[in-house]
Amino acid sequence: MPNIKSAKKRVLLSKAAYEKNKSNKSALKTAVKKFEAAVAAGDRAQANSAYLNAVKTVDQGVKKGILHKNNAARKKSSMTLKLNQLG
């Protein structure tokens with residue numbers, strides 16, 4: 001446990017940041033999983049709307065510093081290919 005006042009503040013701030021990042025990561029994973037489920041079901045309309053939401057969430061993840069931009073590009077490219085193969 002920290003003894004210095006500024007160290008105590010940092011502990012509180014880092015915990016708050018951890019919780020926020022955890023929530024954002026969870027939302028990102030959920031959006032991607034919903035897209036994957038829609039593709040697996042073969043529903044083109046639902047997959048298209050889930051794709052738009054997932055891409056938006058991935059882009060927000062880059063902006064918030066959760067994902068690296070190349071990682072996000074790879075995820076979006078992969079999702080686009082799956083959507084296009086759905087026909």
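Residues numbered from 1 in each chain as written. Predicted model: local features only at pLDDT ≥ 70, side-chain atom pairs only at ≥ 80, totals over all residues. Heavy atoms only, no water.

Caption draft 1: Structural context of the overall build of the protein. Each helix and strand counted, the protein has three helices and zero strands in total. Each helix (α) and strand (β) of the protein, taken in turn from the N terminus, gives the series α-α-α. At 17 Å, the protein has a C-alpha radius of gyration far larger than the 12 Å of a compact globule built from 87 residues. Counting all 87 residues of the protein, 23% fall into the buried class. Here the protein has roughly 6400 Å² of accessible surface; of this, 54% comes from carbon and sulfur atoms. (Helix = DSSP H or I, 4+ residues; strand = E, 2+ residues; numbered from the N terminus. Rg over C-alpha atoms; globule rule 2.2 N^0.38 Å. Buried < 20%, exposed > 50% of the residue type's maximum accessible area, 1.4 Å probe, protein only. Areas by Shrake-Rupley, 256 points an atom, 1.4 Å probe, with all protein chains shown as cover.)

Caption draft 2: Molecular detail of helix α2 (residues 44–63). With 20 residues, α2 extends 28 Å from end C-alpha to end C-alpha; this agrees with the ideal 28 Å at 1.5 Å per step. Burial in α2 covers these residues: A47, A50, Y51, A54, V55, T57, V58 and G61. The inward-facing, buried residues of α2 contact α1 (5–41) and α3 (69–86). Where α2 begins, the side chain of D43 points an oxygen toward the backbone nitrogen of A45, at a separation of 3.5 Å. Positive backbone phi, at 85°, marks G65, one or two positions downstream of α2. (Expected span 1.5 Å × (residues − 1). Contact = heavy atoms within 4.5 Å. Polar contact = N/O pair within 3.5 Å; in protein donor to acceptor, adjacent residues only side chain to side chain.)

Caption draft 3: Representation of the nonpolar core in the model. Ranked by internal contacts, the top residues of the largest apolar core, which has 16 residues, are F35, Y51, V58 and M79. Those elements giving two or more residues to this core turn out to be α1, α2 and α3. In contact with Y51, not counting residues within four places along its chain, are F35, K76, M79, T80 and L83. (Core = buried A, V, L, I, M, F, W, Y, C linked by side-chain atoms within 4.5 Å.)

Caption draft 4: A look at α1. Given a rise of 1.5 Å per residue, 37 residues ought to cover 54 Å, and the 54 Å separating the end C-alpha atoms of α1 matches this to within 8%. Buried residues in α1 make contact with α2 and α3. Of the residues trailing α1, G42 is marked for its positive phi of about 85°.

Caption draft 5: A look at the environment of N24. Here N24 shows up in helix α1. Placed 19 residues apart in sequence, N24 and K5 show a C-alpha to C-alpha distance of 29 Å.

Caption draft 6: Spotlight on the packing of aromatic side chains. Applying the stated rule across the entire model yields one aromatic pair. Aromatic side chains F35 and Y51 sit 5.9 Å apart centroid to centroid with 55° between the ring planes, which places their arrangement in the tilted category. In this pair, F35 is assigned in helix α1 and Y51 in helix α2, connecting sequence segments 16 residues apart. Just as F35 is buried, Y51 falls in that class too. (Phe/Tyr/Trp six-rings, centres within 6.5 Å; stacked < 30°, edge-to-face > 60°.)

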